[in-house]
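Breakdown of the fold
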Amino acid sequence: MTRTDTEVDLLIVGAGPVGLYAAYYAGFRGLSVAVVDSLPELGGQITAMYPEKDILDVAGFPVVKGKDLVEGLVTQAATARPTYLLSRTAQTLISEAEELRVGLDDGTTVHARSVIITAGIGKFTPRPLPAAQDWPGPEVAFFVPSFAEYAGKDVVIVGGGDSAFDWALALEPVAASVTLVHRRDAFRAHQATVDKVLGGTASVLTNSHVTRLVGGSGLESVEVENVKTHETTSVKAQAVVAALGFVADLGPIQQWGLEVVKRHIVVDSATRTNVPRVFAAGDITEYPGKVRLIAVGFGEAATAVNNAAVAINPAAHLFPGHSSEG
Ligand SMILES: Cc1cc2nc3c(=O)[nH]c(=O)nc-3n(C[C@H](O)[C@H](O)[C@H](O)COP(=O)(O)OP(=O)(O)OC[C@H]3O[C@@H](n4cnc5c(N)ncnc54)[C@H](O)[C@@H]3O)c2cc1C
């Protein structure tokens, strides 16, 4: 083991809601735990794609904003004192008698006695905005973790899906102006949100795409071309949000010798994969009747950690006891 390697009872691959809850649960079971994620922030899909959206179907929370749910999960997980290995991708898995070794893309290795894969839809990267490929400045963002930095700015949002419309709606009261640019004249976003945006102050340019970013020391405007008439308009902008979706890729996990069906890992009712001491929970799992929801993932996380605890120490009880009896 090198000095920068990590040694824990349990490694969790993926710091989305399910991985964070599994981290809490590892602490509840007295296991040392590390959580690796290729993104720089905790919270998986919620943080990356809908931090400001209201979630209505998490048990016990009639309405909870995405980022508030993540904050609660992080606070709860802190009781387990997890080691977070962020901006690092889990690349390789080697299974030996008493140890699993997971190689990260920074060259270090995590030595663990059990691994739970909560990698969701895989490592996801934003679809690029071709016109911004060579733009050197920080004015182009692919998601909006906080609205404050857009205060008083002219913002161009590119896209026609939920994220584009949610952000248009949310930035409207904060920004100086919001212009939404979409290549088609039909939208994939929820109709109620589309109606709110169309009824508000945002300008919506359909059948249009951004062809160029213009500026000197900072972004000043973007050029927008109508794909039907080929007319070009200049739109004042100090910020661009490219909400063109993400490309999800299971990537290296597919080479780990796991049974994978349509980019999902097959697990049994104990969340066991076909590799001993490797479990999976959350969106990444596949079994008959699987439903991909946060609430379901939380249950799977508890099952996975309790089974991992027994895999690590066969004398341990599967049932953890009730947290309220502590
Ligand atoms: C717009 C939108 C709205 C939604 N609304 C709801 C809702 O209202 N209710 C609901 O229940 N669900 C909702 N969902 C679905 C919900 O977000 C997912 O079910 C949930 O995020 C799954 O959690 P997870 O922890 O399994 O995976 P994810 O949230 O996908 O997290 C997985 C993490 O693993 C990381 N990762 C992947 N591969 C690697 C690797 N090799 N190395 C390191 N890290 C890796 C990824 O970077 C990611 O951070 C919504 C989804 C979207 C996109």
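From a predicted model like this one, the values you see are computed outputs, not experimental measurements.

Definitions and cut-offs
- Residues numbered from 1 in each chain as written.
- Predicted model: local features only at pLDDT ≥ 70, side-chain atom pairs only at ≥ 80, totals over all residues.
- Domains from an automatic or database assignment.
- Contact = placed C-beta atoms within 7 Å.
- Axes fitted to C-alpha atoms, helices over the stretch in contact; angles between N-to-C directions.
- Helix = DSSP H or I, 4+ residues; strand = E, 2+ residues; numbered from the N terminus.
- Parallel < 35°, antiparallel > 145°, perpendicular 65-115°, else oblique.
- Left-handed = near helix turned anticlockwise from the far one by under 90°.
- Core = buried A, V, L, I, M, F, W, Y, C linked by C-beta atoms within 7 Å.
- Buried ≥ 20, exposed ≤ 12 C-beta atoms within 10 Å, placed from the backbone.
- Near = placed C-beta within 6 Å.
- Pairing = 2+ DSSP bridges.
- Right-handed = clockwise from strand over helix to strand, strands pointing away.

A few words on the domain arrangement of the protein chain. The parts lose accessible area when they come together, and the size of an interface is often stated as this lost area. Entries for the protein chain in the domain assignment read domain 1 (6-124 + 247-325) and domain 2 (128-244). Each of domain 1 and domain 2 has a C-alpha centre, and these two points are 34 Å apart. Counting residues at the interface gives seven residues for domain 1 and five residues for domain 2.

Time to look at the packing of helix α1 (residues 17-28) against helix α3 (residues 66-78). It is at 8 Å that the axes of α1 and α3 come closest, and there the two elements cross at 25°. Considered as vectors, α1 and α3 are oriented roughly parallel to each other. In terms of crossing hand, the pair formed by α1 and α3 is left-handed. Residue-level inspection shows Pro17, Leu20, Tyr21, Ala23 and Tyr24 of α1 in contact with α3, the latter providing Leu69, Val70, Leu73, Val74, Gln76 and Ala77.

This part is about the nonpolar core. Core analysis: the biggest nonpolar cluster contains 55 residues, and Leu10, Leu11, Ala22, Ala23, Val33, Ile116 and Ile117 have the highest contact counts within it. At eight residues, the largest contribution of residues to this core is made by α1. Setting aside residues up to four positions removed in sequence, Ile116 forms contacts with Leu10, Ile12, Ala22, Phe279, Ala280, Ala281, Ala304, Val305 and Ala308. If you look at the next biggest cluster of nonpolar residues, it comprises 38 residues, including Ala175, Val181, Val222 and Ala237.

Attention now moves to the site of the ligand. Not every one of the 37 residues close to the ligand is listed here, only the nearest: Gly14, Gly16, Gly44, Gly120 and Gly282. Those elements that provide at least two residues to the shell around the ligand are α1, β2 (33-37), α2 (44-49) and α6 (294-312).

Moving on to the pairing of strand β12 (residues 177-181). The buried count for β12 comes to four of five residues, which makes it a mostly enclosed element. As paired strands, strand β11 (residues 154-158) and β12 are joined by five bridges and run parallel to one another. Bridge pairing links Val156 to Thr179 in β12. For the crossover that starts at β11, traverses helix α4 (residues 162-171) and ends in the parallel β12, the hand is right-handed. Bridging between β12 and strand β13 (residues 203-205) involves three bridges; their strand directions are parallel. Residue pairing across strands places Leu180 opposite Val204, the latter belonging to β13. As for the winding sense of the linkage, the β-α-β connection from β12 through helix α5 (residues 191-198) to β13 is right-handed.

Moving on, we come to the sheet that holds strand β19 (residues 260-261). Ordered in space as β19-β20-β22, the three strands form an open sheet in which the pairing is mixed. Where the open sheet ends on each side, the last strands, each with one partner, are β19 and β22 (285-286). Pairing geometry for β19 and strand β20 (residues 264-266), over two bridges, is antiparallel. Bridge pairing links Val261 to His264 in β20.

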